[in-house]
Amino acid sequence: MTAALEQALSPNIPNPSHELVQVVRGSRSGLAITVAIHSTALGPAAGGCRIAHYADPAAPVADALRLAAAMTEKNALAGLEHGGAKTVVALPTAARPAGAERTALLHDLGDVIESLGGRYIAGPDVGSSPADMSVIGERTAHVCCRPVEHGGSGDSSLHTARGTLAALGAVADEAFGSPELAGRTFGVIGLGAVGAHVARLLDRAGARLVVTDVDPATRGLAEELGATWVDPDDALATEVDILVPAALGGLLTARTVPLLRCAAVAGPANNQLDEPATARLLAARGILWAPDVVVSSGGVIHATGVELRQEPEERLTERIHDIAATLRQVFHKARTHRITPALAAVQLAEQRVRRARPGPGIVDGRP
Ligand SMILES: NC(=O)c1ccc[n+]([C@@H]2O[C@H](COP(=O)([O-])OP(=O)(O)OC[C@H]3O[C@@H](n4cnc5c(N)ncnc54)[C@H](O)[C@@H]3O)[C@@H](O)[C@H]2O)c1
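Computed from a predicted model, the values in this text were never measured in an experiment.

Asker: Give me the sheet that holds strand S1 (residues 20–25): which residues, what numbers.
Answerer: Taken in spatial order, the five strands of this open sheet run S1-S2-S4-S3-S5, and their pairing is mixed. Edge strands, defined here as strands with exactly one partner in the open sheet, are S1 and strand S5 (120–124). Averaged over all pairs of adjacent strands, the angle between strand axes in this sheet comes to 20°, irrespective of strand direction. The pairing of S1 with strand S2 (residues 32–39) spans six bridges and is antiparallel. The partner of leucine 20 across the bridge, within S2, is isoleucine 37. Together, S1, S2, strand S3 (45–53) and strand S4 (83–91) form the strand contacts of helix H2 (residues 59–77), whose direction differs from that of S4 by roughly 155°.

Below, the structure is given as C-alpha cells:
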C-alpha cells in the first residue's frame, strides 16, 4: 500500500473546510469508500456516489473533497435546504463490478450512508445509476433517485437538461442581448444522458447544432436532428455561439481556453474548470462562462423536490426555470464587482450558507 493510500485510509482526515471526511473499507467488497460531507449548514447534505477507477491512490479523497464543496455551492445556489457531500469509491481497475460483487459494494455503501444517521442523502453520479440506488436503499433510507417503479424520482437527466436550457437563455441574453435561442449555434460536447436531451431541446427551440461524442453510436442522434458532426478532438476549437460541455469535467484548462472560438461556455458537465484560476483565463479572452454548479442544478432540484419535499411538478418546473434568474444574478454581480462569474457564484452561495450558520467559507482561494 502506498503512503498516499495509507494517508487516505486514515479514519478521519482533518480538513478545516469540511465537516466530515471518512474513508471506510467496505466489509463485503474490500473497497475504500470515501465520504466527504462539506456542509450541513442549510440542511442534510445531498450529493452523488461516484464509482470510478483512479490511477493516483490519493485522487479519490481529493475528488470527494472537491466535489462535496461544489455540491454545497450547487445546493445553496439552487435555493435548496441542503448542504453538500459526495461519496467516492475507488475501483482497482477500469472494470465495473457486476452481479454479486456490485451488490456487495452497494450494500457497503448503504451501511456507510446509514451510519451517518441522515446527515448525508446519497444519489447517483458517474458510475452509479438509479437502479444502484435501489440496492443501496436495501441498507438505508437516506438515498434518492431510485427508479420510479421503486418509489423514487428516477433518472434526473431530463431535468438537468431542462435546467440547462433555462440557463442557456440567460447566457444568450448576457452575451448577445437577447435570450432567444433560435438561430444561434450551439456546440454540444457529449451526447450521453443529459447531452442528448439538451440537443433535442435546443433543436426544438430552433437552434443550430454542432455536436460530438467519443461514442460513434451517438452519430444517429446527430443525423436525426440534422446536426453537424465534428470530431471530438476538434470540438473545442469549432466556431459556435455557445459551447455546451455535457461530457466529463476538466475540459477548460490553460491549454484549451486559447483554442476556444465562442462567445460563451455553458453546459451541464460538472467541474469544467481544471482549476479555479482558469475562470480568469476565460474572462481575459472575453468568453462568458456560466458556472456549472448553477447550469447543472435541474436534476438535484427535481429529485429532492419529488422525494424529500413532495413538491408538485408545476412548482418544480418553476424552480428549474429559476436557474435562469440565479444565473442573471451571478452575471450581474460579476459585472458590478468586476469579478469572474465563478467567484460571483461562490460569493452568492457563501452568503446563503453563512446566513444559515456562520463558519468557514465554501472554497478558499477562488478567482
Ligand atoms: N445526469 C444528470 O442528471 C447530471 C446532473 C448534473 C451534472 N451532470 C453532469 O453532466 C455530464 C454528463 O452527464 P451524463 O449523465 O449525461 O453522463 P453520460 O455518461 O450519460 O454521458 C456522457 C457522454 O459524454 C461522452 N464523452 C466522454 N468523453 C468525451 C469526450 N472527450 N468528448 C466527447 N464526448 C465525450 C460519453 O461518450 C457519453 O456519451 C457529467 O459531467 C455529469 O457529471 C449530470
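Asker: Outline the packing of aromatic side chains, listing residues and values.
Answerer: A complete count under the given rule lists zero aromatic pairs for this structure. For the cation-ring pair, arginine 184 lies above phenylalanine 176, with the distance from its terminal atom to the ring centre recorded as 3.9 Å.

Asker: Before we move on, could you go through the site of the ligand and cite the residues and values that matter?
Answerer: The full set close to the ligand counts 19 residues, and Thr160, Val194, Asp213, Ala247 and Asn270 are the nearest of them. In this structure, an oxygen atom belonging to the ligand sits 3.4 Å away from a main-chain N or O atom of glycine 192. Here the ligand loses 71% of its free accessible area of 830 Å² to cover by the protein chains. Going through the elements one at a time, helix H5 (157–176) and helix H6 (193–204) are the ones with two or more residues in the shell around the ligand. Looking at the shell around the ligand residue by residue, the class counts come to nine nonpolar, seven polar and three charged.

Asker: Give a description of the nonpolar core that names residues and reports values.
Answerer: Formed by 58 residues in total, the largest nonpolar core has its most connected members in Leu168, Val171, Phe186, Leu202, Leu209, Ile242 and Leu327. Among the elements that line this core, the one with the most residues is H5, at eight residues. Residue contributions to this core reach at least three from each of two domains, namely domain 1 (3–72 + 84–150) and domain 2 (157–297 + 327–349). Excluding anything up to four places from it in sequence, leucine 168 contacts Leu181, Phe186, Leu202, Ile242, Val244 and Ala266. Val35, Ala45, Val112 and Val143 belong to the second-largest nonpolar core, a separate cluster that totals 23 residues.

Asker: Could you give an account of the pairing of S3, naming the residues involved and the relevant values?
Answerer: Counting buried positions along S3 gives eight out of nine residues, so the element sits mostly inside the fold. Summarising the sheet, S3 and S4 pair through seven bridges and their orientation is parallel. Bridge pairing in S4 links alanine 45 to glycine 83. In this fold, S3 hands off to H2, which returns the chain to S4; that crossover is right-handed. The pairing of S3 with S5 spans five bridges and is classified as parallel.

Asker: Lay out the sheet that holds strand S10 (residues 264–265) in plain terms, naming residues and giving numbers.
Answerer: Pairing within the open sheet is parallel, and its six strands lie in the order S8-S7-S6-S9-S10-S11. The open sheet terminates on both sides in strands that have one partner only, identified here as strand S8 (228–229) and strand S11 (288–289). Pairing geometry for strand S9 (residues 242–245) and S10, over two bridges, is parallel. Following the sheet pairing, isoleucine 242 is matched in S10 by alanine 264. Sheet strands in contact with H5 are strand S6 (185–189), S9, S10 and S11, and its direction is about 150° off that of S9.

Asker: Report on the pattern of salt bridges, specifying residues and quantitative values.
Answerer: Using the criterion set out here, one finds 19 salt bridges in the structure. Of the charged contacts, one joins lysine 86 and aspartate 125 as a salt bridge, the two residues approaching to 2.7 Å between their closest N and O atoms. In this pair, lysine 86 sits in strand S4 while aspartate 125 sits in the loop between S5 and helix H4 (130–136), placing the two residues 39 residues apart along the sequence. With relative accessibility at 3%, the residue lysine 86 sits in the buried group. Close ionic contact of arginine 139 with aspartate 111 constitutes a salt bridge, the shortest N to O distance being 2.7 Å. Within this pair, whereas arginine 139 is found in the loop between H4 and H5, its partner aspartate 111 is found in helix H3 (residues 99–115), the two being separated by 28 residues in sequence. With relative accessibility at 27%, the residue aspartate 111 sits in the partly exposed group.

Asker: I'd like to hear about helix H10 (residues 298–307), residue by residue, with values.
Answerer: With respect to burial, H10 is a largely interior element, nine of its 10 residues being buried. Those residues of H10 lying buried are Gly298, Gly299, Val300, Ile301, His302, Ala303, Thr304, Gly305 and Glu307. Elements in contact with the buried residues of H10: H2, H5 and helix H11 (313–337).

Analysis parameters
- Residues numbered from 1 in each chain as written.
- Predicted model: local features only at pLDDT ≥ 70, side-chain atom pairs only at ≥ 80, totals over all residues.
- Heavy atoms only, no water.
- Pairing = 2+ DSSP bridges.
- Helix = DSSP H or I, 4+ residues; strand = E, 2+ residues; numbered from the N terminus.
- Axes fitted to C-alpha atoms, helices over the stretch in contact; angles between N-to-C directions.
- Contact = heavy atoms within 4.5 Å.
- Phe/Tyr/Trp six-rings, centres within 6.5 Å; stacked < 30°, edge-to-face > 60°.
- Lys NZ or Arg CZ within 6 Å of the ring centre and 35° of its normal.
- Near = heavy atom within 4 Å.
- Polar contact = N/O pair within 3.5 Å; in protein donor to acceptor, adjacent residues only side chain to side chain.
- Areas by Shrake-Rupley, 256 points an atom, 1.4 Å probe, with all protein chains shown as cover.
- Nonpolar A, V, L, I, M, F, W, Y, C, P; charged D, E, K, R; others polar.
- Core = buried A, V, L, I, M, F, W, Y, C linked by side-chain atoms within 4.5 Å.
- Buried < 20%, exposed > 50% of the residue type's maximum accessible area, 1.4 Å probe, protein only.
- Domains from an automatic or database assignment.
- Right-handed = clockwise from strand over helix to strand, strands pointing away.
- Salt bridge = Lys/Arg side-chain N within 4 Å of Asp/Glu carboxyl O.

Remember that the coordinates give geometry; whether it matters functionally is a separate question.
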